[in-house]
Amino acid sequence: MIYFDHNATTPIDDRVLEAMLPFLTTFYGNPSSLYRHGRLVRSAIDSAREQIAALVGAQPTQLIFTSGGTEANNLALTAIKPQAKLAISAIEHTSISEPADNLARLGHELKLIGVDRNGLVSQDAIDETLQYHPYLVSIMLANNETGVIQDIARYAQQLRDKGILVHTDAVQALGKITVLYNELGVNMMTISSHKIYGPKGCGALIFDKEVSLKALFLGGGQEQGFRAGTENSPAIIGFGKAAELAGAELAQRAAHLLKLRNLLEDRLTAIPGISIFAKEAQRLPNTVQFGIEGMDGEMLLMKLDQKGIAVSSGSACASGGGKPSPVLAAMGVASELAKSAIRISLGKTNTEAEIIEFTNLLQALVIPG
Ligand code: PLP
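Just so it is clear, the model here is predicted, and its values are computed rather than measured.

Packed helix pairs are specified by the crossing angle of their axes together with the interaxial distance, meaning the distance between the axes. It is the contact of helix H8 (residues 233–269) with helix H12 (residues 352–366), at a shortest axis distance of 10 Å, that shows an interaxial angle of 20°. Taken as axis vectors, H8 and H12 run roughly parallel relative to one another. Of the two elements, H8 crosses H12, and the hand of that crossing is right-handed. Here H8 contributes Lys259, Leu260, Leu263, Leu264, Arg267 and Leu268 to the contact with H12, which in turn contributes Glu352, Ile355, Ile356, Phe358, Thr359, Asn360 and Leu362. Tallied by class, residues from the contact of H8 with H12 come to eight nonpolar, two polar and three charged.

Following this line, the structure appears as structure tokens:
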């Protein structure tokens, strides 16, 4: 199989699995237990917290481990005060847009911050948001479909200067570009393990003292009382190892991905009828989303699947919906072209040979005969 869907999920790195295995077998103690067998696991969780905090430039005490990016995003939105106004970008992942819609149903005013044709939040849109003066703003660092990177540091400063709380979903950016919580200047940031070659079902919310979160679950008081429940120790330890590797190998991984992406884009532009979305914007080095005039994205995905190539026709969660992607709609892409969208998201083990095989096959599918 040629796997080109790393924004949906990544395979576990062998070194991550190796770090996790003892905690699935020998060291199974409950980290809250006071005897040695438990304390040992607690200390491994503490080390993982330090590894992740080091990768993102935060203090270990600022991390709350969750079951993934979705839970961390839901937890972030609990920071809203009763009746307060909320603003999110129009291109957020459903794990922000759905809880935001729910808050709107509960009576909060909700503003969608628009993006331009390149998928970028503009200064004008931020000026409008400053006027609107919400209590909390959530804008993702990098988009899962287009890979577009927002200038969060600049906008966070402007918003926070006016006393507005800022959250960013950094799930897709982590491990692909430098992501430093302290330099972005946000109050809250979401990250997830399975997008950086760690195990699934593990993520974290990073937060500061200005934020007052409400726990989604009550119980044993784990994670400073913000996330009760016995810690998923093997996954947290795996996440820690994945973070350590992502930090050590970031430059090398990013250079490899960019080289492959450039080759892919050169070959794609040679195929008639293909347009790459958000081509002018700064994007993640691993992501390319494109439309092909007159084609159906999901049909194409199925044909590629038959040939052993895994791609996405939008975001993984939206696949199968038959509706054009809301991200592309927000960018003003016509519905017909949006329905033809294919997303390629490359990973550290992809090769030039795979890009060539894929583009040759795509060309044959697009121009039969
Ligand atoms: N945020 C973004 C931008 C994502 O792409 C995803 C997953 O696709 C999530 C959040 C959800 O993360 P998780 O799968 O860890 O719940």
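Quick look at H8 now. Taking 1.5 Å as the rise per residue, H8 with 37 residues should run 54 Å; its terminal C-alpha atoms sit only 46 Å apart, a clear shortfall. By the largest-angle criterion, Glu249 marks the main kink of H8, which is about 70°.

As a further point, take the sheet that holds strand S9 (residues 274–276). With respect to topology, three strands assemble into an open sheet ordered S9-S10-S12, the strand pairing being antiparallel. Edge positions in the sheet fall to S9 and strand S12 (342–345), since each has one partner strand and no second. Neighbour-to-neighbour, the strand axes of this sheet turn through a mean angle of 30°, independent of strand direction. Pairing analysis gives three bridges linking S9 to strand S10 (residues 287–292), with the strands arranged antiparallel. Bridging across to S10, Ile276 finds its partner in Phe290. Where H8 meets the sheet, its contacts fall on S9, S10 and S12, and the angle it forms with S10 comes to roughly 10°.

Our focus in this paragraph is the site of the ligand. In the vicinity of the ligand, 14 residues are found, and the nearest of them are Gly69, Thr70, Asp169, Ser192 and Lys195. Between the ligand and the protein, one listed contact pairs an oxygen atom with a backbone N or O atom of Gly69 at 2.8 Å. Thr70 places a side-chain nitrogen or oxygen 2.6 Å from an oxygen atom of the ligand. With the chains in place, 88% of the 390 Å² that the ligand exposes on its own is no longer accessible. Here the shell around the ligand is built from residues that sort into two nonpolar, ten polar and two charged.

Below, the discussion takes up the nonpolar core. With 66 residues, the main nonpolar core has Met189 and Ile191 as its most contacted residues. Aside from chain neighbours lying at most four places away, what touches Ile191 is Ile52, Val56, Gly69, Ala170, Val171, Leu174, Gly203, Ala204, Ile206 and Phe239. Ranked by size, the runner-up nonpolar core spans 26 residues in total, among them Ile2, Phe4, Leu300 and Val366.

Across the sheet, which stays open at both edges, the seven strands sit in the order S2-S8-S7-S6-S5-S3-S4 with mixed pairing between neighbours. With partners counted over all chains shown, the strands left at the sheet margins are strand S2 (63–66) and strand S4 (110–113), one partner each. Recorded for the sheet is a direction-independent mean angle of 20° between the axes of neighbouring strands. Bridge analysis of S2 against strand S8 (residues 203–207) gives four bridges, and the strand direction is antiparallel. By the bridge assignment, Phe65 is partnered in S8 with Ala204. Against the sheet, helix H2 (residues 36–56) contacts S2, strand S7 (188–192) and S8, and its axis sits at roughly 115° relative to S2.

Before going further, it helps to examine the pairing of strand S3 (residues 86–89). Along S3, one buried face is formed by Leu86 and Ile88 and the opposite face, lined by Ala87 and Ser89, is buried too. Of the pairings in the sheet, the one linking S3 to S4 comprises four bridges and is parallel in character. The partner of Leu86 across the bridge, within S4, is Leu110. Following the chain from S3 across helix H4 (residues 94–105) to the adjacent parallel S4, one finds a crossover that is right-handed. Bridge count for S3 against strand S5 (residues 136–138) is three bridges, and the pairing is parallel. Bridging across to S5, Ile88 finds its partner in Ser138.

For the rest of this paragraph, the subject is the pattern of salt bridges. Scanning the entire structure with this criterion turns up 16 salt bridges. In this structure, Glu71 and Arg227 form a salt bridge, with 2.7 Å as the shortest nitrogen-oxygen distance. Of this pair, Glu71 sits in helix H3 (residues 69–77) while Arg227 sits in the loop between S8 and H8; the two residues are 156 residues apart in sequence, bridging distant segments of the chain. Among the residues examined, Glu71 registers a relative accessible area of 8% and is labelled buried. Its relative accessible area of 18% is what places Arg227 among the buried residues. Taking the shortest distance from any N to any O, the salt bridge between Lys259 and Glu352 comes out at 3.4 Å. Remark: Glu352 occurs in helix H12 and Lys259 occurs in helix H8; sequence separation between them is 93 residues. Among the ionic contacts, a cluster of salt bridges with common partners joins Asp13, Arg15, Glu249, Arg253 and Lys348.

Rules and cut-offs
Residues numbered from 1 in each chain as written. Predicted model: local features only at pLDDT ≥ 70, side-chain atom pairs only at ≥ 80, totals over all residues. Heavy atoms only, no water. Axes fitted to C-alpha atoms, helices over the stretch in contact; angles between N-to-C directions. Helix = DSSP H or I, 4+ residues; strand = E, 2+ residues; numbered from the N terminus. Parallel < 35°, antiparallel > 145°, perpendicular 65-115°, else oblique. Left-handed = near helix turned anticlockwise from the far one by under 90°. Contact = heavy atoms within 4.5 Å. Nonpolar A, V, L, I, M, F, W, Y, C, P; charged D, E, K, R; others polar. Expected span 1.5 Å × (residues − 1). Bend = angle between axes of the 7 residues up to and from the residue. Pairing = 2+ DSSP bridges. Near = heavy atom within 4 Å. Polar contact = N/O pair within 3.5 Å; in protein donor to acceptor, adjacent residues only side chain to side chain. Areas by Shrake-Rupley, 256 points an atom, 1.4 Å probe, with all protein chains shown as cover. Core = buried A, V, L, I, M, F, W, Y, C linked by side-chain atoms within 4.5 Å. Buried < 20%, exposed > 50% of the residue type's maximum accessible area, 1.4 Å probe, protein only. Right-handed = clockwise from strand over helix to strand, strands pointing away. Salt bridge = Lys/Arg side-chain N within 4 Å of Asp/Glu carboxyl O.

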